[in-house]
Each structure stands twice: as structure tokens, then as C-alpha cells.
Amino acid sequence: VLYPFNSGKVMVTEGPLDAISLKKAGYNATCTNGCNVSDVQALQLKDHNNPIVMAYDNDTAGKKGIRVFESTRKRLRMDNFYICYPPSSYGDWNDFLCKDGPIAMKNWIDNHFVLGNTNVRSFLTAATRAFTALSHVVSHCENQKAHQGK
């Protein structure tokens, strides 16, 4: 893990060129030299005390690396993390930087990072759906009561 970081979130990539590309766009960035985070690397990230954004490549290996990091994070009792993949039309962050520049990268990142824990995301999605359905039922019941009272 490369130091020092400024305050704020830190973007974690698979390789050094991607980390350098993100730094050129103004982000704290480091890499894990592959798509697996070691315990030593994870503990260094834990000490940062700011949000961690896993910014691995948008491919099978990158997605597997994020799943592995999720189990490492839980085992080491780390806070939750965020995920931000480069757009699928680019191979990685360096490809994005070279083709579209740092401003386009910054705009993409600021609008496309999500909470990393898939269980939390699934729960929030299910809770939102259940709340919406319940709201419709309550509204329907209130409408029926209003019509009965006339």
C-alpha cells in the first residue's frame, strides 16, 4: 500500500498504473498488485480511517477480488467499503484516463460508487420494495374507507 494519503476516501486498484491514473484525477489511490488484498494490506487500509473504495477492474478477476476482500474485511472487523468499477467500455482506469482524461474519470467516479456489502444492498433493496408495497396497500385501504363513508 502506498502512502501518504490525504484525508478522504482511498481508491484501491489492482495495479500501479491504475492507481497513478486515479491520482492524476485527484484521488487518494493505491494498489494491491493483483486482485487479492493481503491481511497486511487490509490492516494498513483499516488504519486510514476514511472510506475505502475498491476500484478493481470490471472483469471476472476484479469482481472475484472484491468478493474476497469482503470476507477479509469481515474477518478483520473492518468498516464497510464502496465499489467503483471503470465503465465497461474501458479495460481499466488507465485506459479510461488515456482515452477521456481526468475530468471524465472524476465525473464517472463521483456518480458511480456504491456500498460494497452485497448483503446490505440486497437488504436495502428488499426493504425499499416492501415499504413501497405497504404504502400502496395503506393508500388503497384509505381510498376504500373514504368511498365507504360517502
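Before any of the text, the structure's been laid out above.
Remember, predicted model here, so these are calculated numbers, not experimental data.

Participant: Quick one: what's the story with the packing of helix α1 (residues 16–24) against helix α4 (residues 93–112), residue by residue and with numbers?
Facilitator: Packing of α1 against α4 leaves a shortest axis separation of 9 Å and a crossing angle of 40°. Taken together, α1 and α4 sit at an angle that is classed as oblique. Where α1 crosses over α4, the handedness of that crossing is right-handed. Contacts between α1 and α4 pair Leu17, Asp18, Ser21, Leu22 and Lys24 from the former with Trp93, Asn94, Leu97, Pro102, Met105 and Ile109 from the latter.

Participant: A description of the pairing of strand β2 (residues 28–31) should follow, citing residues and the corresponding values.
Facilitator: For a regular strand, side chains alternate in direction, first toward one face of the sheet and then toward the other. Judged by which residues are buried, β2 turns out to be covered on both faces: Asn28 and Thr30 on one side and Ala29 and Cys31 on the other are all buried. In terms of strand pairing, strand β1 (residues 10–13) meets β2 through four bridges, oriented parallel. Counted as the bridge partner of Met11 is Ala29 from β2. The handedness of the β1 to β2 crossover, carried by α1, is right-handed.

Participant: Explain the packing of aromatic side chains residue by residue, including any values.
Facilitator: Under the criterion given, the structure shown has three aromatic pairs. When the ring of Phe69 is compared with that of Phe81, the centres are 5.0 Å apart and the planes differ by 75°; the resulting orientation is edge-to-face. You can see Phe69 sitting in helix α3 (residues 60–75) and its partner Phe81 sitting in the loop between α3 and β4 (82–83), a full twelve residues away along the chain. Residue classification places Phe81 among the buried positions, given a relative accessible area of 1%. Ring centres of Trp93 and Phe96 lie 6.2 Å apart, and the angle between their planes is 20°; on these two criteria the pair is classed as stacked. Taken as a pair, Trp93 and Phe96 lie in helix α4 at a separation of three residues, close to a single helical turn. Across the pair, Phe96 and Trp93 agree in class, each one buried. Through successive ring pairs, a cluster of aromatic residues spans Tyr90, Trp93 and Phe96.

Participant: Got a sec to walk through α1? Specific residues and values, please.
Facilitator: Within α1, burial applies to Asp18, Ala19, Ser21 and Leu22. All buried residues of α1 project into a common sector of 160° when viewed along the axis, lining one side. When the buried face of α1 is taken as reference, the exposed residues oriented beyond 90 degrees from it are Leu17 and Lys24. Considering only its buried residues, α1 is in contact with β1, β2 and α4. Gly26, located one to two residues past α1, shows a positive phi value of around 100°.

Cut-offs applied
Residues numbered from 1 in each chain as written. Predicted model: local features only at pLDDT ≥ 70, side-chain atom pairs only at ≥ 80, totals over all residues. Heavy atoms only, no water. Axes fitted to C-alpha atoms, helices over the stretch in contact; angles between N-to-C directions. Helix = DSSP H or I, 4+ residues; strand = E, 2+ residues; numbered from the N terminus. Parallel < 35°, antiparallel > 145°, perpendicular 65-115°, else oblique. Left-handed = near helix turned anticlockwise from the far one by under 90°. Contact = heavy atoms within 4.5 Å. Buried < 20%, exposed > 50% of the residue type's maximum accessible area, 1.4 Å probe, protein only. Pairing = 2+ DSSP bridges. Right-handed = clockwise from strand over helix to strand, strands pointing away. Phe/Tyr/Trp six-rings, centres within 6.5 Å; stacked < 30°, edge-to-face > 60°. Arc of directions from axis to C-beta.

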